[in-house]
Amino acid sequence: MSQSAQFTLRKTLRNRRQKLSPLEQQVHAEHACQHLINANLLDNVRRIAVFLSQDGELNTQVLIKKLWNMPNVETYLPVLETRPEWHMGFASYKPNSKLSLNKFNIPEPDVKLNEHFSGDQMDLVIVPLVGFDRTGNRMGMGGGYYDRTFEFKLQKPNTKPLLVGWAHYCQQVEQIEREVWDVSLDAIVTEKGLLTWP
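Just so you know, these numbers come straight off a predicted model, no measurement behind them.

Participant: I would appreciate a short explanation of the side chain of Thr190 in the present structure.
Facilitator: Within the secondary structure, Thr190 is located in strand 10 (residues 187-190). Of note is the side chain of Thr190, whose polar atom sits 3.0 Å from the backbone nitrogen of Lys192.

As structure tokens, this is what we get:
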């Protein structure tokens, strides 16, 4: 897919999710959260990374609040200002966490570098996306942070963490062209259910 075609598709899919009303956003988030819990994906996992939704992304606040109430779960957010050998790190996120804005104006935990964790130290990661298809291919915003952070899964796809896409059903497309560096998702959750593949 050409860069202009990718730009057009990203714009179309972002417009779809931005058009959802606050009520639709809330309902979708609650349904998606319930599907995730019902699928038992959170069983026996301790470190779960999420993201703070923006730009019409499927809201993560409902999920985050549920995770905070789960006694054996530790919740993390991605951090871009991290160790030089990492493309992206993860830092603990609690109700009282101090946040600061990164270069994209996205809040992230303001903690020391020695309190950052690497991608392979997470058990499950809730992954943002712009678009997805039914075989686990994901279109992100184009920065490559998640693909580079989890590129080790290209050689060892069954290695932790479990990568779970988090999106509105309206972000699904027929097919997303996969590049050699693209890391596939293990599952996708939308308001309509959990999507997995062989």
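Participant: Sorry if this is basic, but what is going on with the packing of aromatic side chains here?
Facilitator: Aromatic ring pairs are defined here through the distance separating the ring centres and the angle between the ring planes. For the structure on display, the rule yields six aromatic pairs. Through a chain of ring-to-ring contacts, three or more aromatic side chains come together here, namely Phe90, Tyr146, Phe150 and Phe152. One cation-aromatic arrangement involves Arg148 over Tyr145; the distance from NZ or CZ to the ring centre is 5.5 Å. Here the guanidinium or amino end of Lys192 rests over the ring plane of Tyr169, the centre of that ring lying 4.3 Å away.

Participant: Before we go on, may I ask you to explain the sheet that holds strand 3 (residues 89-92) in this structure?
Facilitator: Pairing between sheet strands relies on hydrogen bonds along the backbone, with the strands arranged either parallel or antiparallel. Reading across the sheet, the seven strands line up as 3-2-1-6-9-10-11 and stay open at both edges, with mixed pairing between neighbours. What marks the edges here is a single partner per strand, and that holds for strand 3 and strand 11 (193-195). Across the sheet, the mean angle from the axis of one strand to that of its neighbour is 30°, orientation sign disregarded. In terms of strand pairing, strand 2 (residues 74-79) meets strand 3 through four bridges, oriented antiparallel. Residue Val79 lies in a different strand from strand 3, and its bridge partner there is Gly89.

Participant: Help me understand the packing of helix 2 (residues 22-38) against helix 3 (residues 61-68) in this model?
Facilitator: Describing two packed helices takes the angle between their axes plus the distance from one axis to the other. Packing of helix 2 against helix 3 leaves a shortest axis separation of 8 Å and a crossing angle of 40°. Relative to helix 3, helix 2 is oriented oblique. On helix 3, the residues that touch Gln26, Ala29, Glu30, Cys33, Leu36 and Ile37 of helix 2 are Val62, Leu63 and Lys66. When its residues are assigned to classes, the contact of helix 2 with helix 3 shows six nonpolar, one polar and two charged.

About the cut-offs
Residues numbered from 1 in each chain as written. Predicted model: local features only at pLDDT ≥ 70, side-chain atom pairs only at ≥ 80, totals over all residues. Heavy atoms only, no water. Helix = DSSP H or I, 4+ residues; strand = E, 2+ residues; numbered from the N terminus. Polar contact = N/O pair within 3.5 Å; in protein donor to acceptor, adjacent residues only side chain to side chain. Phe/Tyr/Trp six-rings, centres within 6.5 Å; stacked < 30°, edge-to-face > 60°. Lys NZ or Arg CZ within 6 Å of the ring centre and 35° of its normal. Pairing = 2+ DSSP bridges. Axes fitted to C-alpha atoms, helices over the stretch in contact; angles between N-to-C directions. Parallel < 35°, antiparallel > 145°, perpendicular 65-115°, else oblique. Contact = heavy atoms within 4.5 Å. Nonpolar A, V, L, I, M, F, W, Y, C, P; charged D, E, K, R; others polar.

None of this, on its own, says anything about what the molecule does.
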